[in-house]
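Examination of the molecular architecture
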Amino acid sequence: MQIESYIEELLYNYNCVVIPGFGAFLAHGKSAELDNQTNTLIPPSKTVSFNSQLSKNDGLLVSHIAKEKRLGYEELLQEVENVAETWNKKLQRGENIELFGVGKLWLNREQRIQFQPENKINYLTSSFGLSTFAATPIQREVLKEEVEELEEKIPFIITPEKREQSSFRPWLKYAAVILLAVSLGSTSYSAYDGIQEKQVAAQQDAQKQVSRLIQEATFFESAPLEFPAINIKVNKKQLGKHHIIAGAFRIEKNAEKKVRMLKNKGFNAFYLGANKFGLHQVAYDSFENPKEALSFLRKIKRTESADAWMLSEK
């Protein structure tokens, strides 16, 4: 009987999981910390330890397995005790016990059980999707010097934004000036040569130019075209309350790429949105039934990724 998957499930919600006749796995909360030497930020987490003295049955593990498998409590208690006896015999023979998703157990020279937890899994539900990352120190003086150098090499030209309604008004002003200038020019020309026909022709030409400019100005003043509204019906996916998360990404494009990759594999993957930390979450699928979600999560951990986890909405 494999009971490590049930131990892993319980560690998300409980701080002590006892294996009758063997010992207990304890989960301790750990605050976020910054490694100053490597500039690495470590998110809050739960650290798992093992205590062989806490071996008295508290009913938590057996009741959970009995509920999942829909079997009797006494029957499951005997099976769990048989597993504990098998583990003890393996340790006495000098063998290691590797529990998937939990950690590794072995005996030291003093015949005491040693435990190495699985560091890839964070059992703190409030830190789901967060991982350690290196934070590069900000060099403000260097950036300031680079900006100053760019300002010296590249001239910055700021063009004020113009409103559409005011674009036609200068044309009216120029049209009036042209009309006045042409009128004065034609008058002077008439006084100089005394030819009335050229004056009339010049005035007509000026009026044509003014009419053309006013027409252009009127074009810019016209109201923008209005297009009829288009109503598109979109069938949204009916999501359940329990989502099996494949990953959380700082860049939304990476999340979209992950969705396409999972859909190519045949999953009902979708983009869940950004959480309160600004990370874009991608889910393999969602379920309304929590038992179906846990069963699917265990399958994903075995076949796809041990880093998958479940997000349940209240």
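First, a word on what this report is: a plain description of the structure on this page. Here the structure is a predicted model, which means the values were calculated and not measured.

The strand order β1-β2-β5 describes an open sheet built from 3 strands, whose pairing is antiparallel. The strands lining the two open edges of the sheet, one partner per strand, are β1 (16-19) and β5 (45-51). Along the sheet, successive strands turn relative to each other by an average axial angle of 20 degrees, direction set aside. Packing against the sheet, helix α1 (residues 4-13) makes contact with β1, β2 (23-30) and β5, and its axis sits at approximately 150 degrees to β1.

Bringing the side chain of glutamate 4 into the picture now. Secondary-structure assignment places glutamate 4 in helix α1. In this structure, glutamate 4 is buried with no salt-bridge partner, the nearest side chain bearing the opposite charge being lysine 90 at 8.9 Å. Apart from the residues lying within four places of it in its own chain, the contact partners of glutamate 4 are Leu99, Phe100 and Val102.

Turning to the pairing of β2, a few remarks are in order. Sheet analysis places β1 next to β2, joined by 4 bridges and oriented antiparallel. Its bridge partner being in β2, valine 18 is matched across the sheet by alanine 24. Two successive antiparallel strands, β1 and β2, enclose a turn made up of 3 residues, where glycine 21 displays a positive phi of approximately 80 degrees. Here 7 bridges tie β2 to β5, and the two strands are oriented antiparallel to one another. Bridging across to β5, alanine 27 finds its partner in valine 48.

The next subject is the pattern of salt bridges. Counting across every chain of the model gives 5 salt bridges. Here arginine 298 and glutamate 9 are joined by a salt bridge, their closest N and O atoms 2.1 Å apart. With a gap of 289 residues between them, arginine 298 in helix α8 (residues 290-303) and glutamate 9 in helix α1 connect regions that are remote in the sequence. There is no split in this pair, since arginine 298 and glutamate 9 are both buried.

Okay, the pairing of strand β11 (residues 270-274) next. Alignment of β11 against strand β12 (residues 280-287), held across 4 bridges, turns out to be antiparallel. Opposite alanine 274, over in β12, you have histidine 280 as the bridge partner. If you look at the hairpin formed by β11 and β12, you'll find 5 residues sitting between the two strands, and glycine 278 has a positive phi there, around 80 degrees.

One recurring pattern in soluble globular proteins: nonpolar side chains tend to sit buried together. Of all hydrophobic cores here, the largest spans 30 residues; its most connected members are Ile7, Ile19, Phe22, Phe25, Leu61 and Trp87. Listing elements by their share of this core, those giving two or more residues are α1, β1, β2, β5, α2 (60-69), α3 (73-92), β6 (97-99) and β7 (103-107). Looking at this core element by element, the count peaks at 7 residues for α3. If near-sequence neighbours (up to four positions away) are discounted, leucine 61 is found in contact with Ile3, Tyr6, Ile7, Leu10, Val17, Val18, Ile19 and Val80. Counting 17 residues, the second largest nonpolar core, distinct from the first, contains Ala255, Val259, Ala269 and Phe296.

Reading the values: the criteria
- Residues numbered from 1 in each chain as written.
- Predicted model: local features only at pLDDT ≥ 70, side-chain atom pairs only at ≥ 80, totals over all residues.
- Heavy atoms only, no water.
- Pairing = 2+ DSSP bridges.
- Helix = DSSP H or I, 4+ residues; strand = E, 2+ residues; numbered from the N terminus.
- Axes fitted to C-alpha atoms, helices over the stretch in contact; angles between N-to-C directions.
- Contact = heavy atoms within 4.5 Å.
- Buried < 20%, exposed > 50% of the residue type's maximum accessible area, 1.4 Å probe, protein only.
- Lys, Arg positive; Asp, Glu negative; His and termini not counted.
- Salt bridge = Lys/Arg side-chain N within 4 Å of Asp/Glu carboxyl O.
- Core = buried A, V, L, I, M, F, W, Y, C linked by side-chain atoms within 4.5 Å.

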